[in-house]
Structures are given as structure tokens and as C-alpha cells.
Amino acid sequence: MSAEPLWSPDAARIAAHRLTKFMACVNASRDMDMKTYDDVHGFSVREPDNFWSDVWDFCDVKAETRGERVLVDREKVPGAQFFPDARLNFAQNMLRRNDDTPAMVFRGEDKVRYEVSWRQLTDQVSRLHQAFRDSGMQPGDRVCAVMPNLPETMMVFAGANSLGAVWSSCSPDFGERGILDRFGQIEPGILVVCDGYYYNGKTFDITDKIAEVVKGLPTLKKVIVVNYTGNAAATAAKLPNAVTFDDFIDAYSPAPIDYVMLPFDHPLYILFSSGTTGVPKCIVHRTGGVLLKHMAEHQLHCGINPGDRLFYFTTCGWMMWNWLASGLASEATLMLYDGSPFAPSETVLFDYADEERFTLFGTSAKFIDAVKKTGWRPMDSHSLATVRSIMSTGSTLVPESFEFVYDAIKQDVHLASMSGGTDLCGCLVGVNPFGAVWSGEIQAPGLGHDIQVFDDDGKPMARGKGELVN
């Protein structure tokens, strides 16, 4: 390992970061003197009630009420509760703006490209809200999706959640058995699907697969088909109780959204374990916890500001899609992509980053390693001038890949290797915006996480291999 860091933030970058502004606010309101990341992290684990209350205020969570109580039964695991008296709606926090600037930009390989403004997003969610309401949707109903990473997927998620429905999704390349093993456990009333998808330059029709899935979900009342490859009407005609997305909302005009206010612990979405030890296990994530966790990660760790362009290469079957969706709550423009990251060539995501001015480029360690193996050097043809951060997760980012990023992609960039999990839908360890980047190292424990590495005797270790304990 090199004796020198690969990169360190300069004073101007640190001064402009959201975490610096958060520290200033907390220092002023609580008469503290936090100066470093370790100071903030220590505060977050010593005083979780005060920390998360300050995150709520700094990130401007939209709610009917926060309530007086912040944390009850702190020592009980399980049993502790944050904000037990709060009433809020996740979708309301997603739709913070209503103007003509872009909320989402989408590319499907080299086949499809379009933008959705904040106003268009709000209008479509309003129409979905009305259509779902008139179909009898109630809080706690399940809405499932077999969808690409489209703007319409975000719209349906927000529209269903505006009424308190619980979301679950997977990508359209999942097999029939994989879909049913997941959705068959949670008895959805509505299934949202696409008419097909593109991958590696080819078009895939999934109508027959979806027909078998529908047969295996007897609780379904309606199937909504989103047009992606141009065959939504034909696909809907072959499925029982199916309607196209456009026809589903056609009778409704945009109107103010009557968000259903829900408890902090109301179920938001259901993710699933990998299924390596039997049928995938359901993991229920809660409204307020996800919102606060993701806003803290986006703003305090990643430095996302309103108008920043947030990209993460993900499908709707990975928790990073849920992480990406929450970026709207920080007023970021979401940069969505569907398809192969190597179609039509290995330059496609870097083309997208340059042309659409990404701020944060999120991907997997596997992708960085794959680019390295091609022998191509993105730095030689792409400036990535607006990219402040490159994020990596999904597997271990090896030292050679750290070095490849700085040697062949961009020199002045914050490369952050993150690690977390589906079980918390977030990061345990990852980004320290004030810290240096060292080859092969994750920077720091996440805010709010008292992370230690234990040896076989259950004692903390300063160095060596052990068990990660939160």
C-alpha cells in the first residue's frame, strides 16, 4: 500500500460541504465545538436522539407533526422507537419542487432518452394518486413492480406511497420463479410491469413471463403496463385485468395531492434477501427511518445539494434503486439508466456522465474492475468535469481498482467505497467527506453507527480480520 493517500479534499471543498453546514448549525444550537468527522460521528452515537432530531431539522423533513418524543426505550433491541408520535408521508418528501427544471433524466442504452420535470413528475403522481384512490387503495396495501429503472417506476412508487401503500420491485430480467418467490409472499393487489426491455442492444418481450406471474398471484386486482418498447397496448390485451399506464390515469387531471399522513414506523417497502439459503426472506423497511437514513447519507456523507445530478447504476431489484429514489427528497436530479453498461460500448456511462453533467457517479466495484480489464482509459477521452464523487459498492473495491480510478478515470475526485446491506437499505461504513482516500480502504463508519471489529473472543480489534459489529 502507498505511503501517501490517493486523494484529499481541499479546504474549499470541505468548507462548501453539507456536513460542514450541519456541524455549524448543531454547534450553534447546542453550544458544541465539533470540528472533525470523528466529532460528528461521536455525537451521532452518544446522543442518537439529538443527532437524528438535528438531521430532521437540517434536512427539512416534511411532516404533519414530528411530535415531542424523539427516542423511547433506547436500550431495548428490538423495542426502541424513534419519533413515535410523528406523522408524515414519504412521497411528499420526494415531491419538494414543482417547476420546469428536470427531476429525472432517463437513458435506455442508445434506444431511448427523455426528461421529466419536477412539474411533470408532480402532475403524474397526482393523477396516479387519484386513480389508485378510486380503485380502493388503502394504507398497507401492496403494490409490486417488474420494471426497468424508468421515471414511470418512480412515479408509480410515489403515487402508491402517497396513499400509504407498501412497495416492492424487481427487474424485468428476473425469471418467473424468482418473481413469484418474492411477490408470492406478500399478496399484492396491483402489479406494475413493462412491455419489454432492452439489454445489450436487443429487445426482450416479457409478456409470456408476466402472464405466468399473474396466474401465480391470485390476490391481484389490476395489472398496469408501462410503455417502454412500444408494445404496451398489445401486452395489456394479453393479460387479465390489465390496463396501460396511460389509460389508467387518462380520466384524471393534475390536482393538489392529499397525502395520507402515516406513523414514522409505517411500512414503506419490502426488500428481499438474496435467496441463497431457500426462498428469499422479506425485509420490511419503515417510512421515517429510511427517509432520515438516506437524507443523512445523501447530504451529510455525499454532499448532495439541490440541483445536483445523482447517478447510480442499478436495477429495480437492488437496494441501490431505493437509495437512488430517495435522492429526490434532497432535490437532486436523478440520472436514470437501464440496460447494459457496455452497450453499445464501454464508453456509454461515461458518455452519459459528460453529456448530462453528473455530480455523483455511483456504480459497482465489478463495473470499475470490468472497465479496467478492457484496457481503456476514460480519462483520455472524457473530462468528467462536473463529477465530484465516484461511489462504489456491491462488493469489495480492491486496491488495484482504487488506483485505476485515479490513474485512468479522474484525478481530482472523491472515490468512496461503501458497504452496507439490504437489511438496513443503507451504509454501515463509507464516505468521510473530510478524509483522505487510501488505496483499498473504506474511509469511516457511517453516522449513527457505532461500528467495531471484534475478535473471536468478542473484544474490539485495532487491526486484523474479525467480525463487523454494529
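Provided above is the structure to which this section pertains.
Every chain's residues receive numbers from 1 upward, in the order its sequence appears when written. It should be noted that, the model being predicted, local features are given only for residues of pLDDT at least 70 and side-chain atom pairs only at 80 or more, the latter also being counted only at that level, while totals for whole chains, interfaces and linings use all residues. With hydrogens and water stripped out, all remaining heavy atoms of the structure feed into the side-chain values.

Visitor: Sorry, what's going on with the sheet that holds strand S17 (residues 309-312) here?
Guide: Through backbone hydrogen bonds, the strands of a sheet pair up, either in parallel or in antiparallel fashion. We call two strands paired when DSSP finds no fewer than two bridges between them. Strands here mean DSSP runs of E at least two residues long; helices mean DSSP runs of H or I at least four residues long; both are numbered from the N terminus. Pairing is mixed across the open sheet formed by seven strands, whose spatial order is S6-S5-S18-S17-S19-S20-S21. Two strands bound the open sheet, and with one partner strand each, they are strand S6 (112-117) and strand S21 (414-417). In this sheet, adjacent strand axes meet at a mean angle of 15° when their direction is disregarded. Where strand S19 (residues 360-364) meets strand S20 (residues 389-393), five bridges bridge the pair, whose relative direction is parallel. Bridging from a neighbouring strand, Leu360 pairs with Ser389 of S20. Where helix H6 (residues 118-134) meets the sheet, its contacts fall on strand S5 (102-108) and S6, and the angle it forms with S6 comes to roughly 85°. Sitting on the sheet, helix H16 (residues 399-409) touches S20 and S21, and the angle it makes with S21 is about 155°. Geometry is summarised by axes, namely lines fitted to C-alpha atoms with helices restricted to the contacting stretch, and by angles between N-to-C directions that run from 0 to 180 degrees. Residues are treated as being in contact if the distance between any of their heavy atoms lies within 4.5 Å.

Visitor: Is there a simple way to think about empty space enclosed by the protein in this case?
Guide: If a probe the size of a water molecule is rolled over the atoms, the empty space left behind becomes visible. The definitions used throughout rest on a 1 Å grid laid over the protein atoms alone, on which a cavity is an enclosed set of points accommodating a 1.4 Å probe that cannot get out and a pocket is an open set flanked by protein within 12 Å on both sides along at least five of seven lines; lining residues are those having an atom within 4 Å of a point. Grid points are joined across faces, edges and corners, and a volume is the space filled by probe spheres set on the points. Counted according to the given criterion, the structure contains two cavities of 30 Å³ or more. Of the pockets and cavities examined, the largest cavity occupies roughly 70 Å³. For the lining of the largest cavity, the elements supplying multiple residues, two or more each, are helix H12 (287-301) and strand S23 (426-430). Per-element accounting of the lining of the largest cavity gives the leading share, four residues, to S23. When residue character is reported, Ala, Val, Leu, Ile, Met, Phe, Trp, Tyr, Cys and Pro are called nonpolar, Asp, Glu, Lys and Arg charged, and the others, Gly included, polar. In terms of residue class, the lining of the largest cavity is made up of seven nonpolar, three polar and two charged. Put simply, the second largest cavity is a space of about 60 Å³. Lining the second largest cavity are Phe350, Phe361, Thr363, Phe367, Ile368, Leu384, Val387, Ile390 and Ile409. Broken down by class, the residue content of the lining of the second largest cavity amounts to eight nonpolar, one polar and no charged.

Visitor: What exactly am I supposed to notice about the packing of helix H2 (residues 18-30) against helix H3 (residues 37-46) here?
Guide: A pair of packed helices is captured by two measures, namely the crossing angle of their axes and the spacing between those axes. Remark: H2 packs on H3, axes separated minimally by 11 Å, with the N-to-C direction vectors making an angle of 60°. Comparing their axes, H3 and H2 come out oblique. For H2 against H3, the interelement crossing comes out left-handed. Between H2 and H3, the contacting residues are Leu19, Phe22, Met23, Val26 and Arg30 on the first element and Tyr37, Val40 and Phe43 on the second. Comment on the angle field: the value is read as roughly parallel under 35 degrees, roughly antiparallel over 145, roughly perpendicular from 65 to 115, and oblique elsewhere. Here is the rule for handedness: rotate from the far helix to the near one, and if that takes an anticlockwise turn smaller than a right angle the crossing is left-handed, while a clockwise turn gives right-handed.

Visitor: Explain the nonpolar core here, please?
Guide: A general tendency of soluble globular proteins is for nonpolar side chains to be buried together. Core analysis: the largest hydrophobic core is formed by 124 residues, its most contacted members being Leu121, Phe132 and Phe183. Apart from residues no more than four positions distant in its own chain, Phe183 is found in contact with Cys144, Ala145, Val146, Ser168, Ser169, Cys170, Pro188, Leu191, Leu217 and Phe272. What is meant by a nonpolar core is a set of buried Ala, Val, Leu, Ile, Met, Phe, Trp, Tyr and Cys residues, joined one to another through side-chain atoms within 4.5 Å. A simple rule labels every residue: compare its accessible area, found with a 1.4 Å probe on the protein chains alone, to the largest value its type can have, and call it buried under 20%, exposed over 50%, or partly exposed in between. By size, the runner-up hydrophobic cluster in this structure holds 31 residues, among which are Trp7, Val348, Phe361 and Val413.

Visitor: Teacher, can you tell me more about the packing of aromatic side chains here?
Guide: Centre distance and the angle of the planes are the two values used to describe a pair of aromatic rings. Two rings from Phe, Tyr or Trp (for Trp, the six-membered ring) form a pair when their centres are within 6.5 Å of each other. A pair whose planes differ by under 30 degrees is stacked, one over 60 is edge-to-face, and the rest are tilted. Inspection of the entire model under this criterion finds 31 aromatic pairs. Ring centres 4.8 Å apart and planes at 40° place the aromatic pair Trp56 and Phe83 in the tilted group. Pair noted here: Trp56 is in helix H4 (residues 48-59) and Phe83 is in the loop between strand S3 (81-82) and strand S4 (87-88), with a separation of 27 residues, a long-range link. Assigned by exposure class, Trp56 and Phe83 land together as buried. Ring geometry for Phe311 against Tyr352: centres 5.9 Å apart, planes inclined by 75°, an arrangement best described as edge-to-face. Taken as a pair, Phe311 in strand S17 and Tyr352 in helix H14 (residues 348-356) lie far apart in primary sequence, 41 residues in all. Residues Phe311 and Tyr352 agree in their burial class; the two are buried. Feature note: the residues Phe311, Phe313, Tyr337, Phe342, Phe350, Tyr352, Phe358, Phe361, Phe367 and Trp376 constitute an aromatic cluster, connected by ring pairs.

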